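# Per-entry structural report
The lines below spell out each chain.
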Amino acid sequence: EAGVVQSPRYKIIEKKQPVAFWCNPISGHNTLYWYRQNLGQGPELLIRYENEEAVDDSQLPKDRFSAERLKGVDSTLKIQPAELGDSAVYLCASSLTSNQPQHFGDGTRLSIL
Amino acid sequence: GENVEQHPSTLSVQEGDSAVIKCTYSDSASNYFPWYKQELGKRPQLIIDIRSNVGEKKDQRIAVTLNKTAKHFSLHITETQPEDSAVYFCAASSNTGKLIFGQGTTLQVKP
């Protein structure tokens, strides 16, 4: 079974530029999560999807971050414009349904210059 | 608000010894407690989990215990090996599925 696939693995951009991350969850998993992991810390939830509906986006900085999950499968997370403090690893995870084991992708390591 | 405290932040043991990592949670609605192992530059990997209707769960050399009254849960690794060296994260969630992670424990197993 293929795991959660994310791309790109690494992204380096200058501040104020836009950036997008892509996630393909495990086949059949209805719930998809985006987390941000700062260096030396645990992941923090940004947004959670049940199929194509965002059911928890309370931690998403909506002035510059946006996300979508078209057709309830793949998802993209966008930052526009990026700020220096956005440097982190952005992790995608999926689970069969809410409160089932979550499986993570390799993440995208974002560096802002 | 929701919070998970994890201790210790670093742990160094000799190969073959046991390692114990402890977590406490604040949200009494929490009912699912996974543990993740994360090697440098890699994804968090689920190694064991426990639900609130169970007090203990074991899988080979790893075990997790849960004390709902005290809101404590712990990870126990026996017969540690150098490949167990990594950062370990505990987490807690309620029926919402929102995982609240601890701050992580860096485990070093010395050969």
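In this report, the structure presented in the accompanying data block is examined. Bear in mind that the values here come from a model prediction, so they are computed numbers and not experimental data.

### Comments concerning the sheet that holds strand E6 (residues 56-59) of chain B
All names here are of chain B. Pairing within the open sheet is antiparallel, and its five strands lie in the order E1-E3-E8-E7-E6. Either end of the sheet is taken by a strand with one partner, and the two such strands are strand E1 (4-7) and E6. This sheet shows a mean twist of 15 degrees between the axes of neighbouring strands, independent of strand direction. Direction of pairing for strand E3 (residues 19-25) relative to strand E8 (residues 72-77): antiparallel, over a ladder of six bridges. Pairing of threonine 24 across the sheet is with histidine 72, part of E8.

### What about the packing of aromatic side chains?
As enumerated under the stated definition, the model contains 13 aromatic pairs over all chains in all. Arranged with centres 5.3 Å apart and planes meeting at 90 degrees, the rings of phenylalanine 104 of chain A and tyrosine 36 of chain B form a pair that is edge-to-face. Highlighted residues: phenylalanine 104 of chain A in strand E10 (residues 103-104) and tyrosine 36 of chain B in strand E4 (residues 32-38), drawn from two different chains. For the ring pair tyrosine 25 of chain B and phenylalanine 73 of chain B, a centre distance of 6.0 Å and an interplane angle of 55 degrees mean the geometry is tilted.

### Let's talk about the interface of chain B and chain A
Interface size, as often reported, equals the accessible area lost upon joining of the parts. Taken residue by residue, the interface counts 21 residues in chain B and 25 residues in chain A. Between chain B and chain A, a total of about 1700 Å² is buried, with carbon and sulfur atoms accounting for 45% of that surface. Considering only the side of chain B, the residues that lose the most area to chain A are Arg43, Lys98 and Phe101 of chain B, jointly responsible for 32% of the buried surface there. If you look at where chain B meets chain A, you find one salt bridge. Aspartate 106 of chain A serves as the salt-bridge partner of arginine 43 of chain B, at 2.8 Å between the closest nitrogen and oxygen.

Quick notes on the rules
- Residues numbered from 1 in each chain as written.
- Chains lettered and ligands numbered in written order.
- Predicted model: local features only at pLDDT ≥ 70, side-chain atom pairs only at ≥ 80, totals over all residues.
- Heavy atoms only, no water.
- Pairing = 2+ DSSP bridges.
- Helix = DSSP H or I, 4+ residues; strand = E, 2+ residues; numbered from the N terminus.
- Axes fitted to C-alpha atoms, helices over the stretch in contact; angles between N-to-C directions.
- Phe/Tyr/Trp six-rings, centres within 6.5 Å; stacked < 30°, edge-to-face > 60°.
- Contact = heavy atoms within 4.5 Å.
- Buried area = accessible area lost by both parts, 1.4 Å probe.
- Salt bridge = Lys/Arg side-chain N within 4 Å of Asp/Glu carboxyl O.

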